[in-house]
Amino acid sequence: MQRYVFDPPVTPALPIAGQDTLFPIRRIYCVGRNFADHAREMGHDPDREPPFFFSKPADAVSAAGQDMPYPPQTEDLHYEGELVVALGAGGRDLNIDEAQTCIFGYAIGNDLTRRDMQSVAKSLKRPWDLSKGFDGSAVIGPVHPVADTGPLNSGAIKSFVNGVERQNGDLNMMIWGVDEVISALSQSVELRPGDLIMTGTPAGVGALERGDVIAVEIAGLGRIETKII
Ligand code: MN
């Protein structure tokens, strides 16, 4: 049997709440503009256009509670508090019912974004990749099995910077619900166990400075905190 020329990378993983097991991460997908109020604040019409997706590398994940070094090549690092759905099954061309059965659980996420770099990419019609997929950019907390939480289709989602509330939305304000997001994404790519989907952020995104503590709360999932250093 042929050997690798160096050790293959370790599979990134998230802790599972209340269990001594890990959720292995395969891919991280993200939904753009899935709350009307956030679409508006970014200067877009929140009509119910089909959802669009981008992605982050699996190893861009950063465990909640871990300090996050301020990333290079930006002077406008933004937080985006989001619900993350973790898939325990997958497939192609999933309908809404099939999509629902793929959900392993949920986590709280923070889709960290180099907003200035993203704005340049948008204006020059370049890819967003490095504005969204930099090291540590996917802050995600423990995965809570859906068996414990039940389906999360409503409930408060809030962000706080240094204890001051900055985002206050409800999961029921998503333009595309979690099952619709999974179904739509499965029309484009085959989904597999281990895939994570960051489902979009409500209004109130903003900049973080070194020393700030950003907290994200979702009803039923608790709270995650990250210090920017
Ligand atoms: Mn986002």
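Computed from a predicted structure; not experimentally measured. (Residues numbered from 1 in each chain as written. Predicted model: local features only at pLDDT ≥ 70, side-chain atom pairs only at ≥ 80, totals over all residues. Heavy atoms only, no water.)

A. Fine view of the nonpolar core. The biggest cluster of nonpolar side chains holds 39 residues, and the ones touching the most others in it are Leu 83, Val 85, Ile 182, Ile 197 and Leu 208. Of all elements in the fold, only strand 3 (28–32), strand 6 (77–79), strand 7 (81–87), strand 8 (103–111), strand 12 (156–161), helix 6 (178–186) and strand 16 (213–218) reach the threshold of two or more residues within this core. If sequence neighbours within four positions are ignored, Leu 208 has contacts with Tyr 70, Leu 77, His 78, Tyr 79, Leu 112, Val 161, Ile 214 and Ile 228. The next biggest cluster of nonpolar side chains, apart from the first, holds 19 residues, and it includes Ile 16, Ala 86, Trp 128 and Leu 196. (Core = buried A, V, L, I, M, F, W, Y, C linked by side-chain atoms within 4.5 Å. Buried < 20%, exposed > 50% of the residue type's maximum accessible area, 1.4 Å probe, protein only. Helix = DSSP H or I, 4+ residues; strand = E, 2+ residues; numbered from the N terminus. Contact = heavy atoms within 4.5 Å.)

B. Region of interest: the coordination of the manganese ion. Of the protein atoms, only Glu 80 (OE), Glu 82 (OE) and Asp 111 (OD) coordinate the manganese ion, at distances of 2.0 to 2.1 Å. Expressed as a motif, the donor residue spacing for the manganese ion is E-x1-E-x28-D. Taken together, the residues span a long stretch of sequence, with Glu 82 in strand 7 and Asp 111 in strand 8 at a distance of 29 residues. In this structure Asp 111 comes out as buried when scored by relative accessible area, which is 0%. (Donors = N, O, S within 2.8 Å, 3.2 Å for Na, K, Ca; no water.)

C. Spotlight on the pairing of strand 16. Pairing of strand 12 with strand 16 involves five bridges; the strand directions are antiparallel. Note that in strand 16 the partner of Ile 157 across the bridge is Ile 218. Pairing geometry for strand 16 and strand 17 (residues 222–227), over six bridges, is antiparallel. Bridge pairing links Val 213 to Lys 227 in strand 17. Two successive antiparallel strands, strand 16 and strand 17, enclose a turn made up of three residues, where Gly 220 displays a positive phi of approximately 95 degrees. (Pairing = 2+ DSSP bridges.)

D. Representation of the state of the cysteines within the structure. Under the criterion given, the structure shown has zero disulfides. Not engaged in a disulfide, the cysteine Cys 30 finds its nearest cysteine sulfur in Cys 102; these two sulfurs lie 18 Å apart. On the accessibility criterion, Cys 102 (3% relative accessible area) is buried. (Disulfide = S-S within 2.5 Å.)

E. Main features of empty space enclosed by the protein. Overall, the coordinates contain one cavity of 30 Å³ or more when judged by the stated rule. Considered as a void within the structure, the largest cavity measures approximately 110 Å³ in volume. What lines the largest cavity is a set of 16 residues, among which Gly 32, Arg 33, His 38, Glu 80 and Lys 132 lie closest to the centre. In terms of residue count, the dominant contributor to the lining of the largest cavity is helix 3 (residues 115–123) (three residues). The residue makeup of the lining of the largest cavity, split by class, is four nonpolar, five polar and seven charged. (1 Å grid on protein atoms, 1.4 Å probe; cavity = no way out; pocket = protein on both sides within 12 Å on 5 of 7 lines; lining within 4 Å. Points joined across faces, edges and corners; volume = space filled by probe spheres on them. Nonpolar A, V, L, I, M, F, W, Y, C, P; charged D, E, K, R; others polar.)

F. Layout of the pattern of salt bridges. Tallied over the full model, the rule gives nine salt bridges. Taking the shortest distance from any N to any O, the salt bridge between Asp 111 and Lys 56 comes out at 2.6 Å. Taken together, the residues span a long stretch of sequence, with Asp 111 in strand 8 and Lys 56 in strand 4 (residues 52–56) at a distance of 55 residues. Pair check on accessibility: Asp 111 and Lys 56 agree, each one buried. Glu 217 is paired through a salt bridge with Arg 223; the nearest N and O atoms lie 2.4 Å apart. The exposure class of Arg 223 is partly exposed, given its relative accessible area of 42%. Taken together, the shared-partner salt bridges in this structure form one network comprising Lys 56, Glu 80, Asp 111, Arg 115 and Lys 132. (Salt bridge = Lys/Arg side-chain N within 4 Å of Asp/Glu carboxyl O.)

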